[in-house]
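# Commentary on secondary and tertiary structure
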Amino acid sequence: MTTLRSESLDAGPAQAGPRVGVLALQGDFREHARVLASLGATVSLVRRPAELDEVDGLVIPGGESSVMDKLARAYGLQHPLRDAIAAGLPVYGTCAGLIMLADTLRDAIAGQESLGGLDVVVRRNAFGSQNQSFETDLEVPALGDAPVHAVFIRGPVVESVGPDATPLASLADGRVVAVEQGNLLGTSFHPEITGEHRFHEYFLGKVRARAGRTAA
Ligand code: GLN
């Protein structure tokens, strides 16, 4: 078994790509780290505020948003994360990560907080329990003509999209399952486990653009 540690996961400075952190408090952060490294990013795991300062972009993985929220607060990460989002750090959230990025939550547990940033209302567990997980193909015009194969595992749905956010993909019944807003990207499903890399590529485009602007 491979163990990922907090240090850089790439092959060294000769291949240094954009520095992308994966929030590693809980959930499927290893899967994201592998996809990002395969796309040439310099990947690190983020568990402490100082580790957040070292990255040009951040992925918040799937998992359990109520637990991630509690751990983010326990690790003193909630405010640094909110500050980084407000300062324009590119952040991509999948499933629980999308919940973390939503401004407004429905069916949250008592006291659950999100980080916010995306002008959306997100309903947790909108498709039912774990055994009602499903897969489907989605049209995502921003990623080209080929449909995206999407896996939903106790996923959330974007119940309403405010004026600052843009839907990127919807189910056949019209329910929105992917959104973006400036440097923020969120999907109800898990591209990190299907071999679908276009969302990560799309996100890395935002990271590179921001890193270029910051360096200039
Ligand atoms: N239901 C989970 C939550 O509320 C999300 C599930 C997932 O990330 N696959 O956080």
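Above: the structure in question.
The model shown is predicted, which means the values in this text are computed figures rather than measured ones. (Residues numbered from 1 in each chain as written. Predicted model: local features only at pLDDT ≥ 70, side-chain atom pairs only at ≥ 80, totals over all residues. Heavy atoms only, no water.)

Near the ligand, the surroundings consist of Gly 62, Gly 63, Glu 64, Ser 65, Cys 95, Ala 96, Ile 99, Arg 124, Asn 125, Ile 153, Arg 154 and His 190. Here Ala 96 contributes a backbone N or O atom positioned 3.0 Å from an oxygen atom of the ligand. In this structure, Asn 125 approaches the ligand through a side-chain N or O atom, which is 2.5 Å from a nitrogen atom. When the ligand is considered free in solution it has 300 Å² of accessible area, and contact with the protein chains removes 96% of it. (Near = heavy atom within 4 Å. Polar contact = N/O pair within 3.5 Å; in protein donor to acceptor, adjacent residues only side chain to side chain. Areas by Shrake-Rupley, 256 points an atom, 1.4 Å probe, with all protein chains shown as cover.)

Take unusual backbone geometry next. The backbone phi angle of Cys 95 is positive, close to 60°, even though this residue is not glycine. Checked against the element boundaries, Cys 95 lands in the loop between β4 (91-94) and α5 (96-101). At Arg 154, a residue that is not glycine, the phi angle is positive and equals roughly 45°. Tracing the chain through its elements places Arg 154 in the loop between β8 (148-152) and β9 (157-161). Classification of Arg 154 by relative accessible area gives partly exposed; the value is 28%. (Helix = DSSP H or I, 4+ residues; strand = E, 2+ residues; numbered from the N terminus. Buried < 20%, exposed > 50% of the residue type's maximum accessible area, 1.4 Å probe, protein only.)

Here the focus is the side chain of Lys 206. Structurally, Lys 206 can be placed in helix α6 (residues 198-215). At a separation of 2.6 Å, a polar atom in the side chain of Lys 206 contacts the side chain of Glu 180. In contact with Lys 206, other than residues within four places in its own chain, are Pro 90, Glu 180, Gly 182, Asn 183 and Leu 184. (Contact = heavy atoms within 4.5 Å.)

As a further point, take helix α1 (residues 29-38). For α1, the complete set of buried residues consists of Phe 29, His 32, Ala 33, Val 35 and Leu 36. The arc that holds the buried residues of α1, viewed along the axis, is 165°, so those residues lie on one side. Buried positions along α1 lie against β1 (19-23), β2 (42-46), β3 (57-60), β4 and α6. (Arc of directions from axis to C-beta.)

So, on to the packing of aromatic side chains. The tally for this structure, following the rule as stated, stands at seven aromatic pairs. A ring pair is formed by Phe 127 and Phe 134, whose centres lie 5.1 Å apart and whose planes are at 70°; its orientation type is edge-to-face. With a centroid separation of 5.5 Å and an interplanar angle of 55°, the aromatic rings of Phe 152 and Phe 189 are classed as tilted. Residue Phe 152 is found in strand β8, and its partner Phe 189 is found in the loop between β12 (184-187) and α6; the two are separated by 37 residues along the sequence. Like Phe 189, Phe 152 is buried. An aromatic cluster of three or more residues is present, and its members are Tyr 92, Phe 127, Phe 134, Phe 152, Phe 189, Phe 199 and Phe 203. (Phe/Tyr/Trp six-rings, centres within 6.5 Å; stacked < 30°, edge-to-face > 60°.)

Attention now moves to helix α4 (residues 78-86). If you check which residues of α4 are buried, you get Gln 78, Leu 81, Ala 84 and Ile 85. The buried residues of α4 occupy an angular sector of 130° when projected down its axis, which confines them to one face. α4 presents His 79, Asp 83 and Ala 86 as exposed residues on the side facing more than 90 degrees away from its buried surface. Two residues or fewer past α4, Gly 88 is found with a positive phi of approximately 100°.

Let's shift gears to the pattern of salt bridges. One pass over the full model with this rule turns up twelve salt bridges. In this structure, the salt-bridge partner of Glu 113 is Arg 73, at a minimum N-O distance of 3.6 Å. Of this pair, Glu 113 sits in the loop between β5 (102-106) and β6 (118-123) while Arg 73 is found in helix α3 (residues 65-74), placing the two residues 40 residues apart along the sequence. Given a relative accessible area of 30%, Glu 113 falls into the partly exposed group. By sharing partners, the salt bridges in this structure join Asp 69, Arg 73, Arg 82 and Glu 113 into a single network. (Salt bridge = Lys/Arg side-chain N within 4 Å of Asp/Glu carboxyl O.)

Remember, this is a structural readout, not a statement about activity or role.
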